[in-house]
Amino acid sequence: MTSPRSWLVYLGLVVGAVITLAPFSLGLLTSVTSASQFATGSPLSWPDPPTLENYSGLAGFGFGRALVVTALMTAVILVGQLTFSVLAAYAFARLEFPGRDTLFWVYIATLMVPATVTVVPLYLMMAQLGLRNTFWALVLPFVFGSPYAIFLLREHFRAIPRDLERAARIDGANTLDVLVHVVLPSSRPILVTLALITVVTQWNSFMWPLVITSGSQWRVLTVATAGLQSQYNAQWTLVMAATTIAIVPLLVLFLAFQRHITRSIVVTGLK
Amino acid sequence: MPRRARSTAVGYALLAPSLFGVLAFLLLPMLVVAWLSLHRWDLLGPISYVGLDNWRSVLTDPVFGNSLLATLGFIALVVPTQMALGLVAAALLARELPGSGVFRTLYVLPWVCAPLAIAVLWRWILAPTDGAVAAVLGRQIDWLTDPGLALPVVSAVTVWSGVGYTTLFFVAGMLAIPPQVHAAATVDGASSWQRFWRITLPMMRPTLFFVAVTGVISAAQVFDTVYALTGGGPQHRTDLVAHRIYAEAFGAAAIGRAAVMALVLFVILVGITVVQHLYFRRRISYDLT
């Protein structure tokens, strides 16, 4: 099995892995190097001794709060998007009412609206509502569900055998009972996929939080990292600690769900 | 209540939150951005109607023209490179040797991380005096401030973080090719090189097209990477259109002009999407009823 050819394949794969991992490893090492060692030695010298001073230093720049705001924002949007997307997808998949198909096409059409284009008008709308620099401004545009999630969920709901739902209805279940006890349990994989997409997207989001918040009160991790980098350009050990904090939670999530994520990227074109 | 009326009521009740979201935060902003393109606003003062002034000034603005060209150059650098490297990686992974799954996971890592954090990481790696590359090479190269280097370097960082994602699609596309086709070609004496060009690539056309189109659409909107790596410089060489919209709106406080630019970008992206749909409708029929 280990023909010379396989060795070449492995060689190629390892080269790719090194190119992928080297920047992360170097950044991580720098984040545990003391500022004084970094300033005097080579930027690539081994941390001696490794230190967490950069991480504790970040607290002074409001990174503790930024972590909490980011987690809260992600959680609120996650719960809202999943709940409201499930409700809408079920209505589109199973209920009969006038205007249903037209509305569905309206939802689909909004898939073409890019976030880059809506940032400017959304900013004006939030300003008019007096919501600039509030937690509401961070979550409102995303919390009511996503047309993309609704589209995917609808496809899945339609594939669930109707007999299951009929049986529950005959037993006296109402729409909500059917959703909670029949539809959701048989849609677990797609729900996990959507939850992961939402967490990745929101945790990493930058442009909207950057424009709609100011100061430290509602600053998220990406904005705090960018601010630290532009302000303390030379203090790379500190900046690498910030970068690590912004990256590591998602890396952990990714490794925990890696099979699921790699599969769902291909299924959904996760973006 | 009659059954039909009740079904209608329940239907709209379930739709209500997402319908509000779609109307208020996706459709209304499109109207607002069109309206804003006819007005002048500096983020703080009153909003005044200026007719087509913004359109005239943006469409004749060399800075915006430059920004569209830079975006085009960026797309031309990023999408083909990313696809070529993705094909190479996929060709290695699709042999499904033991351990391939681990490598596939590793390659996707950068893509899961915040593009902003990735850009800050690379900013250190490429820092001219105390960065990792400078330490390895032992000499200073101004990767991000040299006008000739900046755009290729920003493109390279984008490719680095996106290759794994592209690879996943290509692996799936390659594994979907029936093995009998390859076996038959091998029997006929085709080398693996010939099989790649004559069988693998042609049979992956839908995948290649999908990856190319989504690649163009996302490259056309890259913002975080530019913001943290170069801030659009040097000499506007990396001033990609999403960054120009941001700089115009929140740097120069020219919201009306930014609205025009956003609409131009929108029209371009919709154009690309429509072309994609026309292509795919011929091959795959979606059941949307």
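Residues numbered from 1 in each chain as written. Chains lettered and ligands numbered in written order. Predicted model: local features only at pLDDT ≥ 70, side-chain atom pairs only at ≥ 80, totals over all residues.

1. Regarding the overall build of chain A
Line of reasoning, step 1. Looking only at helices and strands, chain A features 15 helices and zero strands.
Line of reasoning, step 2. Taken over C-alpha atoms, the radius of gyration comes to 23 Å for chain A, far larger than the 18 Å a tight globule of 271 residues would show.
Line of reasoning, step 3. Projected onto its principal axes, the C-alpha coordinates of chain A cover approximately 75 × 65 × 35 Å.
Line of reasoning, step 4. Counting every position in chain A, which comprises 271 residues, the buried fraction comes to 42%.
Line of reasoning, step 5. Put simply, of all contacts in chain A between residues at least 6 apart along the chain, 74% involve residues at least 24 apart. (Helix = DSSP H or I, 4+ residues; strand = E, 2+ residues; numbered from the N terminus. Rg over C-alpha atoms; globule rule 2.2 N^0.38 Å. Buried ≥ 20, exposed ≤ 12 C-beta atoms within 10 Å, placed from the backbone. Contact = placed C-beta atoms within 7 Å.)

2. Details of the overall build of chain B
Line of reasoning, step 1. For chain B, the helix and strand inventory stands at 13 helices and two strands.
Line of reasoning, step 2. For chain B, whose C-alpha radius of gyration is 24 Å, the value lies well above the compact-globule estimate of 19 Å for 289 residues.
Line of reasoning, step 3. C-alpha atoms of chain B, sized along the principal axes, occupy 75 × 75 × 30 Å.
Line of reasoning, step 4. Contacts spanning at least 24 positions in sequence make up 70% of the contacts within chain B whose residues lie at least 6 apart.

3. Description of the interface of chain A and chain B
Line of reasoning, step 1. Across the boundary between the two partners, chain A contributes 72 residues, which contact 74 residues of chain B.
Line of reasoning, step 2. If one sorts the elements of the side of chain A that touches chain B by residue count, helix α1 (residues 4-31) of chain A sits on top with twelve residues.
Line of reasoning, step 3. Split by residue class, the side of chain A that touches chain B holds 48 nonpolar, 21 polar and three charged. (Nonpolar A, V, L, I, M, F, W, Y, C, P; charged D, E, K, R; others polar.)

4. With respect to the packing of helix α6 (residues 115-128) of chain A against helix α1 (residues 3-36) of chain B
Line of reasoning, step 1. Two elements in contact, α6 of chain A and α1 of chain B, have axes whose closest approach is 8 Å; the angle formed by their N-to-C orientations is 90°. By the angle between their directions, the pair α6 of chain A and α1 of chain B is classed as roughly perpendicular. Between α6 of chain A and α1 of chain B, the residues in contact are Val117, Thr118, Val120, Pro121, Leu122, Leu124 and Met125 of chain A and Phe25, Leu26, Pro29, Val32, Val33 and Leu36 of chain B, respectively.
Line of reasoning, step 2. Its residues placed into classes, the contact of α6 of chain A with α1 of chain B shows twelve nonpolar, one polar and no charged. (Axes fitted to C-alpha atoms, helices over the stretch in contact; angles between N-to-C directions. Parallel < 35°, antiparallel > 145°, perpendicular 65-115°, else oblique.)

5. Here's the deal with the nonpolar core
Line of reasoning, step 1. Formed by 154 residues in total, the largest nonpolar core has its most connected members in Val120 and Ala242 of chain A together with Ala262 of chain B.
Line of reasoning, step 2. The greatest single-element share of this core, amounting to 14 residues, is contributed by helix α4 (residues 63-94) of chain A.
Line of reasoning, step 3. Filtering out sequence-adjacent residues up to four positions away, valine 120 of chain A remains in contact with Val33, Leu36, Ile245, Ala249, Ile255, Ala258, Ala259 and Ala262 of chain B. (Core = buried A, V, L, I, M, F, W, Y, C linked by C-beta atoms within 7 Å.)

6. Observations regarding the packing of helix α13 (residues 221-231) of chain A against helix α14 (residues 236-256) of chain A
Residue and element names in this part refer to chain A.
Line of reasoning, step 1. Contact geometry of α13 with α14 gives a least axis separation of 10 Å together with a crossing angle of 165°. Relative to α14, α13 is oriented roughly antiparallel. Crossing handedness for the pair α13 and α14: left-handed. Residues Leu221, Thr222, Ala224, Thr225, Leu228 and Gln229 of α13 form the contact with α14, whose own contacting residues are Leu238, Val239, Ala242, Thr243, Ile245 and Ala246.
Line of reasoning, step 2. Tallied by class, the residues present in the contact of α13 with α14 amount to eight nonpolar, four polar and no charged. (Left-handed = near helix turned anticlockwise from the far one by under 90°.)

7. A look at helix α8 (residues 179-187) of chain B
Every α-helical turn comprises 3.6 residues, leaving residues that sit three or four positions apart pointing alike.
Line of reasoning, step 1. Counting buried residues in α8 of chain B gives zero out of nine residues, a small share hidden from the surface.
Line of reasoning, step 2. Once α8 of chain B finishes, glycine 189 of chain B follows within two positions and takes phi at roughly 95°, a positive value.

8. So, helix α10 (residues 205-219) of chain B
All names here are of chain B.
Line of reasoning, step 1. Under the 1.5 Å per step criterion, the end-to-end length of α10 is 21 Å for 15 residues, consistent within 8% with the ideal 21 Å.
Line of reasoning, step 2. By the burial criterion, the buried members of α10 are Val211, Gly215 and Ala219. Down the axis of α10, the smallest arc covering the buried residues is 55°, so these residues share one side.
Line of reasoning, step 3. Where α10 is buried, its residues meet α3 (62-93) and α7 (150-175). (Expected span 1.5 Å × (residues − 1). Arc of directions from axis to C-beta.)

9. Some remarks on the confidence of the model for chain B
Residue and element names in this part refer to chain B.
Line of reasoning, step 1. Confidence in the prediction of chain B, expressed as mean pLDDT, is 92, and 96% of residues score 70 or more.
Line of reasoning, step 2. Within chain B, the element-level pLDDT minimum falls on helix α13 (residues 255-281), averaging 89, and the maximum on helix α11 (residues 224-229), averaging 97.
Line of reasoning, step 3. For this predicted complex, the interface score ipTM comes out at 0.91, while the overall pTM is 0.91. (pLDDT = per-residue confidence, 0-100.)

10. Considerations on the environment of valine 113 of chain A
Line of reasoning, step 1. Mapped onto the elements, valine 113 of chain A comes out in the loop between α5 (100-109) and α6.
Line of reasoning, step 2. Put simply, valine 113 of chain A and leucine 124 of chain A are eleven residues apart on the chain and 17 Å apart in space, counted from C-alpha to C-alpha.

11. Things to note about unusual backbone geometry
Line of reasoning, step 1. Going from aspartate 48 of chain A to proline 49 of chain A, the amide bond is cis rather than trans, its omega being -10°.
Line of reasoning, step 2. A cis geometry characterises the amide bond from glycine 233 of chain B onward to proline 234 of chain B, with omega recorded as -15°.
Line of reasoning, step 3. The topology assignment puts proline 234 of chain B in the loop between α11 and α12 (241-251).

12. A look at the environment of leucine 229 of chain B
Residues and elements named next belong to chain B.
Line of reasoning, step 1. Inspection of the secondary structure assignment puts leucine 229 in helix α11.
Line of reasoning, step 2. Linking leucine 229 and isoleucine 47, residues 182 residues apart in sequence, is a C-alpha distance of 34 Å.
Line of reasoning, step 3. Apart from the residues lying within four places of it in its own chain, the contact partners of leucine 229 are Ala119, Trp122, Arg123, Leu144, Val154 and Val157.

13. Considerations on the environment of methionine 125 of chain A
Line of reasoning, step 1. Within the secondary structure, methionine 125 of chain A sits in helix α6.
Line of reasoning, step 2. Note: C-alpha distance between methionine 125 of chain A and alanine 137 of chain A (twelve residues apart in sequence) is 9.8 Å.
Line of reasoning, step 3. Leaving out residues up to four positions away in the same chain, methionine 125 of chain A has contacts with Pro29 and Val32 of chain B.

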